[in-house]
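Working through the structure, step by step
Chain by chain, the residues run as shown.
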Amino acid sequence: MSGLPEVTVTGTLTADPELRYTATGTAVANFTVAANERRFDSNTGGWTDGDATFLRATVWRQVAENVTNSLSKGARVVVTGTLRQRSYETTGGEKRTVLELDVTEIGASLRWATVTVTKATREPARTAANGSSTNRWQSDEPPF
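Every value quoted in this text rests on a predicted model; they were computed, and no experiment measured them.

**So, the nonpolar core**
- In terms of nonpolar packing, the biggest core is built from 18 residues, with Phe31, Val77, Val79, Val103 and Ile106 touching the most fellow members.
- Contributions of two or more residues to this core are made by strand 1 (6–13), strand 3 (27–41), strand 4 (46–60), helix 1 (61–70), strand 5 (76–89) and strand 6 (95–108).
- Per-element tally for this core: the top contributor is strand 3, with 4 residues.
- Apart from residues no more than four positions distant in its own chain, Val77 is found in contact with Val9, Thr10, Gly11, Leu13, Val33, Leu71, Ile106, Gly107, Ala108 and Ser109.

**Describing the pattern of salt bridges**
- With the rule as written, the count across this model stands at 6 salt bridges.
- The shortest N-O distance in the salt bridge between Asp49 and Arg38 comes to 2.6 Å. Of this pair, Asp49 sits in strand 4 while Arg38 sits in strand 3, placing them 11 residues apart in sequence.
- In this structure, Asp102 engages Arg84 in a salt bridge whose closest nitrogen and oxygen atoms are separated by 2.1 Å.

**Remarks on a nonpolar patch on the surface**
- Residues Leu110, Val115 and Val117 make up a contiguous nonpolar surface patch of about 310 Å² in total accessible area.
- Relative to the helices and strands, Val117 resides in the loop between strand 6 and strand 7 (126–127).
- Taking the relative accessible area as the measure of exposure, Val117 reaches 74% and is therefore exposed.

**Here we look at the layout of surface pockets**
- Taken as a whole, the largest pocket spans an internal volume of roughly 640 Å³.
- What lines the largest pocket is a set of 21 residues, and nearest its centre among them are Asn66, Ser70, Ile106, Val117 and Thr118.
- Broken down by class, the residue content of the lining of the largest pocket amounts to 10 nonpolar, 8 polar and 3 charged.
- In this structure, the second largest pocket spans a volume of roughly 220 Å³.
- Taken together, Thr10, Gly11, Thr12, Ala34, Ala35, Asn36, Arg38, Trp47, Arg76, Arg111 and Trp112 make up the full set of residues lining the second largest pocket.
- Within the residue set of the lining of the second largest pocket, elements represented by two or more residues are strand 1 and strand 3.

Rules used in this analysis
Residues numbered from 1 in each chain as written. Predicted model: local features only at pLDDT ≥ 70, side-chain atom pairs only at ≥ 80, totals over all residues. Heavy atoms only, no water. Core = buried A, V, L, I, M, F, W, Y, C linked by side-chain atoms within 4.5 Å. Buried < 20%, exposed > 50% of the residue type's maximum accessible area, 1.4 Å probe, protein only. Helix = DSSP H or I, 4+ residues; strand = E, 2+ residues; numbered from the N terminus. Contact = heavy atoms within 4.5 Å. Salt bridge = Lys/Arg side-chain N within 4 Å of Asp/Glu carboxyl O. Patch = residues over 30% accessible without salt bridge, like charges linked within 9 Å, V, L, I, M, F, W, Y side chains within 5 Å. Areas by Shrake-Rupley, 256 points an atom, 1.4 Å probe, with all protein chains shown as cover. 1 Å grid on protein atoms, 1.4 Å probe; cavity = no way out; pocket = protein on both sides within 12 Å on 5 of 7 lines; lining within 4 Å. Points joined across faces, edges and corners; volume = space filled by probe spheres on them. Nonpolar A, V, L, I, M, F, W, Y, C, P; charged D, E, K, R; others polar.

This is the structure we're talking about:
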C-alpha cells in the first residue's frame, strides 16, 4: 500500500473510456465518473439531484482493455482506487490542482442493471515497437 487514501466511488461514466498504449505496449484507459447525492423532497414528492462531483480515473494493463470492452457512457460503476492530488499550470499561466483516481478495481453497479460476466483470457507476451518483448503483467508502468 502506498500510504495514499484508498477510496470507493459509485457513479456514472460521463463518456466511453479512452484506451491507448504506452511506448512499451502497456494498455492504459482514462475515464470520468460523475457522482452526486439524491434526496427525496417531501414538498414536491420527487427526487432532487445535488451537485455532481467529477473524478478523473486511470486504469492500467489488462483491466484497461477489459474496461473499454465492457463499459460505456452512462454505465453506473463502482470504482476503487488510490486518490492522488496533482497540480499543473495551464497554458495561460493559471495554477490548477485536481484529484485523480488510480483504479485498482472497477465493476458495473448492479443496483439498476444486470450484466453477463465473461472471463477474460491473458494474452501472451508481445513485441513492442522497439523490438523488446513485453508482458502486460511485467512492466515499468505504475502497478494499478
